[in-house]
Amino acid sequence: MSAFIYAATRTPFGRFNGALAGVRPDDLAAAAITSTLAKVPGLDHAAIDDVVWGNANGAGEENRNVGRMAALLAGLPVSVPGTTVNRLCGSSLDAAMMAGRMIESGDAEVVLTGGVESMTRAPWVLPKSAKPFPAGDVTAVSTTLGWRLVNPRMPKEWTVSLGEANEQLRERFGISRERQDEFAARSHRLAHTAWESGFYDDLVVPVEGVDLTRDESIRAGSTPEVLAGLKPVFRTPEQGGTITAGNASPLNDGASAVLLGSERAAATIGAAPIARIAGRGVMALEPQAFGYAPVEAADRALVRAGIGWDQVGAVEVNEAFAVQSLACVDAWKVDPGIVNQRGGAIAIGHPLGASGGRVLATLAKVLRETRQRYGVAAICIGVGQGLAVVLENCDVDGTEAGK
C-alpha cells in the first residue's frame, strides 16, 4: 500500500515582526488546516484518522500539543486526534513521513499533516533557579532560533551558532561568497517570477483579517551586486566571513498543511491523488555538520524509491543557508536548473516548523507543471540531521514523463 498527497496549502510567510506578528501560531495552524480542507469539500472531516503537526519551538502559544489545538480551532470534530512532532526545521516534513508510514501500514486511511512557527512570537524563557530566592540577576533566554539552555556536557564544537556551522561547511567545500550571493539572488528572482506567473495562487491562502497575500520576505530587486555589499554576520571579513543576512534564510512566521491518504481513500476524500510518496530518508551527522545531512538522506530516499538521480526531474531543498544548499546540490551532481525552480527559503522564508510542508507541496506542483515523474524534497535540521522524501507524480508515467 502507498501513501499519496491529495491537497496542500500554506499561509503566506511573514517577516519577523511583520504582517503576521499579531497572529498566534495555533491560529496560523488552524488557517492552514481550513484552507487545505477547503480544497476537498467532499471529505467528511470525521473520516480524518489523525492530525500530525510539526513545530520546532513549543515554548509559547503553541505549547500543549499545537496539532491537537489547531484541529480544534479549525472546527474539526473532537473525535479527530492530533499530535505534535518536533524535528526542528524538518518537523512538518517528518509529520508527512510519519503519516505516510501510518497509511502504508494500514493504521490510517486519511491523515492531515503540516506545521507552524511564529518566530516573532517565540517567547523568552526564564529557567527556574537551582536555589530559592537568588540574590543576583537572572537572564531570560530567547527561543526564536538556535541553541538555548545548553547542557554543559555538550562538546563546544557541537554547539556553535548555525551561521558559524555553515562557515565551517563553506571552508570544507570551498564555496565562495560570490556563489552564495548568486544563489540567493536567484532565489529572490525565481520566487518573484513564480508569484507573478500565478504559480502560488492555489498553494497560498491569506490569513483572515491580515492584509498579506504574498510571502513578505521576497525582494525582487536583489542582485548579486546588491548582496555583495552586505557585511558578514558570523565572522568578520578578516576572518574570512561570507554568510550575510542576504544569503541566509530570514526569520519568519507561517503555517503549511498537507493532506495524505491511501489510494482507496480517494473515494472518501472526493479527489484524485496528486503525488505518491515513493521513498523516505533520514540521516544524522555531527551537530555542526547539519547543513550537509540532506545529502545522504536524499540518497537513502532514492534507494528506497528504487530510482537514481538520473531519473529525478525536480528538487526542492530548503535554503536555510545558500552555502549548505550549494554543498548539497554539488554532492548530488544534479543540474542546478532543476533545483528550487520557483524560489526557495532565502526569498520565501523559513518559519521552522512549516518549511517541510512547503517544500513538499511545492515539489508536487512543480512535478505536475513540468511533467516530470520523480522529484526530491529535502531539508537540513539543526543538531546534525536531514530528511528527504521522493515524490512520484500521479499525472505521468514512465513513457511520457521528462524523467
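Residues numbered from 1 in each chain as written. Predicted model: local features only at pLDDT ≥ 70, side-chain atom pairs only at ≥ 80, totals over all residues. Heavy atoms only, no water.

**Looking at the overall build of the protein chain**
Part 1 of the reasoning: Helix and strand counts for the protein chain come out as eleven helices and twelve strands.
Part 2 of the reasoning: By the compact-globule yardstick of 22 Å for 403 residues, the protein chain fits well, its C-alpha radius of gyration being 20 Å.
Part 3 of the reasoning: Expressed as lengths along the three principal axes of its C-alpha atoms, the size of the protein chain is roughly 60 × 55 × 40 Å.
Part 4 of the reasoning: Look at the contacts in the protein chain between residues 6 or more apart in sequence, and 80% of them connect residues 24 or more apart.
Part 5 of the reasoning: Looking at the protein chain as shown, the accessible area adds up to about 16200 Å², and 52% of this sits on carbon and sulfur atoms.
Part 6 of the reasoning: Of the side-chain charges in the protein chain, 37 are positive and 44 negative, and the distance between the mean point of each set is 4 Å. (Helix = DSSP H or I, 4+ residues; strand = E, 2+ residues; numbered from the N terminus. Rg over C-alpha atoms; globule rule 2.2 N^0.38 Å. Contact = heavy atoms within 4.5 Å. Areas by Shrake-Rupley, 256 points an atom, 1.4 Å probe, with all protein chains shown as cover. Lys, Arg positive; Asp, Glu negative; His and termini not counted. Charge placed at Lys NZ, Arg CZ, Asp CG, Glu CD.)

**Overview of the packing of aromatic side chains**
Part 1 of the reasoning: Considering all chains together, one arrives at four aromatic pairs under this definition.
Part 2 of the reasoning: Judged by centre distance (4.9 Å) and plane angle (85 degrees), the rings of Phe-199 and Tyr-200 are edge-to-face. Considered together, Phe-199 and Tyr-200 belong to a single accessibility category, that of buried residues.
Part 3 of the reasoning: Here the aromatic cluster, defined as three or more aromatic residues joined through ring pairs, consists of Trp-195, Phe-199 and Tyr-200.
Part 4 of the reasoning: Across the ring face of Tyr-200, the terminal group of Arg-10 is positioned such that the distance to the ring centre comes to 5.3 Å.
Part 5 of the reasoning: Lys-365 extends its terminal NZ or CZ atom over the ring of Phe-199, reaching a point 4.8 Å from the ring centre. (Phe/Tyr/Trp six-rings, centres within 6.5 Å; stacked < 30°, edge-to-face > 60°. Buried < 20%, exposed > 50% of the residue type's maximum accessible area, 1.4 Å probe, protein only. Lys NZ or Arg CZ within 6 Å of the ring centre and 35° of its normal.)

**Some remarks on the side chain of Thr-36**
Part 1 of the reasoning: With respect to the secondary-structure elements, Thr-36 resides in helix H1 (residues 25-37).
Part 2 of the reasoning: Look at Thr-36 and you get buried, because its relative accessible area is 0%.
Part 3 of the reasoning: One polar contact links the side chain of Thr-36 to the main-chain carbonyl oxygen of Ala-32, over a distance of 3.0 Å.
Part 4 of the reasoning: Leaving out residues up to four positions away in the same chain, Thr-36 has contacts with Ala-7, Ala-8, Thr-9, Leu-112, Ala-257 and Leu-259. (Polar contact = N/O pair within 3.5 Å; in protein donor to acceptor, adjacent residues only side chain to side chain.)

**Some details on the pattern of salt bridges**
Part 1 of the reasoning: Tallied over the entire structure, the rule returns 19 salt bridges.
Part 2 of the reasoning: Its salt-bridge partner being Glu-104, residue Arg-280 comes within 2.8 Å of it at the nearest N-O pair. Taken as a pair, Arg-280 in strand E9 (residues 275-284) and Glu-104 in helix H3 (residues 91-105) lie far apart in primary sequence, 176 residues in all.
Part 3 of the reasoning: Linking Asp-330 and Arg-179 is a salt bridge whose minimum nitrogen-to-oxygen distance equals 3.0 Å. In this pair, Asp-330 is assigned in helix H9 (residues 322-332) and Arg-179 in helix H5 (residues 177-197), connecting sequence segments 151 residues apart.
Part 4 of the reasoning: Given a relative accessible area of 36%, Asp-330 falls into the partly exposed group.
Part 5 of the reasoning: Salt bridges linked by common partners bring Glu-164, Glu-171 and Arg-235 together as one network. (Salt bridge = Lys/Arg side-chain N within 4 Å of Asp/Glu carboxyl O.)

**Describing the nonpolar core**
Part 1 of the reasoning: Membership of the largest hydrophobic core comes to 49 residues, with the highest contact counts inside it found for Leu-93, Val-111, Tyr-200, Leu-260, Leu-360, Val-389 and Leu-391.
Part 2 of the reasoning: Setting aside chain neighbours within four positions, we find Leu-93 in contact with Gly-356, Gly-357, Leu-360, Ala-377, Ile-379, Leu-387, Ala-388 and Val-389.
Part 3 of the reasoning: One finds Ala-165, Leu-227, Ala-248 and Ile-338 within the second-largest nonpolar core, a separate group that totals 43 residues. (Core = buried A, V, L, I, M, F, W, Y, C linked by side-chain atoms within 4.5 Å.)

**Here we look at the confidence of the model for the protein chain**
Part 1 of the reasoning: The share of residues in the protein chain with pLDDT of 70 or more is 99%, and the mean pLDDT across the chain is 96.
Part 2 of the reasoning: Summarising per-element confidence for the protein chain, the mean pLDDT is lowest in strand E7 (residues 141-142) (94) and highest in strand E8 (residues 252-262) (99). (pLDDT = per-residue confidence, 0-100.)

**Describing the pairing of E9**
Part 1 of the reasoning: Counting buried residues in E9 gives seven out of ten residues, a clear majority hidden from the surface.
Part 2 of the reasoning: Two elements, strand E1 (residues 3-10) and E9, share two bridges in a ladder whose sense is antiparallel. The residue of E9 that forms the bridge with Phe-4 is Arg-276. (Pairing = 2+ DSSP bridges.)

**Remarks on the side chain of Glu-216**
Part 1 of the reasoning: Position of Glu-216 among the secondary structure elements: in the loop between H5 and helix H6 (224-228).
Part 2 of the reasoning: Looking at Glu-216, its side chain comes within polar contact range of the main-chain nitrogen of Ala-19, at 3.1 Å.
Part 3 of the reasoning: Residues within four places of Glu-216 in sequence aside, it is in contact with Phe-13, Gly-14, Arg-15, Gly-18 and Ala-19.

**Brief notes about empty space enclosed by the protein**
Part 1 of the reasoning: This model, assessed by the stated rule, comprises two cavities of 30 Å³ or more.
Part 2 of the reasoning: The calculated volume of the largest cavity comes to roughly 40 Å³.
Part 3 of the reasoning: Taken together, Trp-147, Trp-158, Val-160, Ser-161, Leu-162, Ala-165, Pro-287, Gln-288, Phe-290, Gly-382 and Val-383 form the lining of the largest cavity.
Part 4 of the reasoning: Each residue belonging to the lining of the largest cavity can be placed in one class, and the counts come to eight nonpolar, three polar and no charged.
Part 5 of the reasoning: Space inside the second largest cavity adds up to approximately 30 Å³. (1 Å grid on protein atoms, 1.4 Å probe; cavity = no way out; pocket = protein on both sides within 12 Å on 5 of 7 lines; lining within 4 Å. Points joined across faces, edges and corners; volume = space filled by probe spheres on them. Nonpolar A, V, L, I, M, F, W, Y, C, P; charged D, E, K, R; others polar.)

**Regarding a nonpolar patch on the surface**
Part 1 of the reasoning: Taken together, Met-69, Leu-72, Leu-73 and Val-78 make up a surface patch of nonpolar side chains, about 350 Å² in accessible area.
Part 2 of the reasoning: Residue placement: Leu-72 occurs in helix H2 (residues 66-73).
Part 3 of the reasoning: Since its relative accessible area comes to 35%, Leu-72 is described here as partly exposed. (Patch = residues over 30% accessible without salt bridge, like charges linked within 9 Å, V, L, I, M, F, W, Y side chains within 5 Å.)

**Quick look at H9**
Part 1 of the reasoning: Of all eleven residues in H9, nine are buried, a share of seventy percent or more.
Part 2 of the reasoning: Within the sequence span of H9, burial applies to Ala-322, Val-323, Gln-324, Ser-325, Leu-326, Ala-327, Cys-328, Val-329 and Trp-332.
Part 3 of the reasoning: As for H9, its buried residues are in contact with helix H4 (162-173), H5, helix H8 (294-305), strand E10 (312-317), helix H10 (345-348) and strand E11 (374-381).
Part 4 of the reasoning: Two residues or fewer past H9, Lys-333 is found with a positive phi of approximately 60 degrees.

**Overview of unusual backbone geometry**
Trans is the common state for peptide bonds, and a negative phi is the common state for residues other than glycine.
Part 1 of the reasoning: Its identity as a non-glycine residue notwithstanding, Leu-88 has a phi of 50 degrees, on the positive side.
Part 2 of the reasoning: Its place among the elements puts Leu-88 in the loop between strand E4 (82-85) and H3.
Part 3 of the reasoning: Positive phi outside glycine occurs at Phe-133, with the angle close to 55 degrees.

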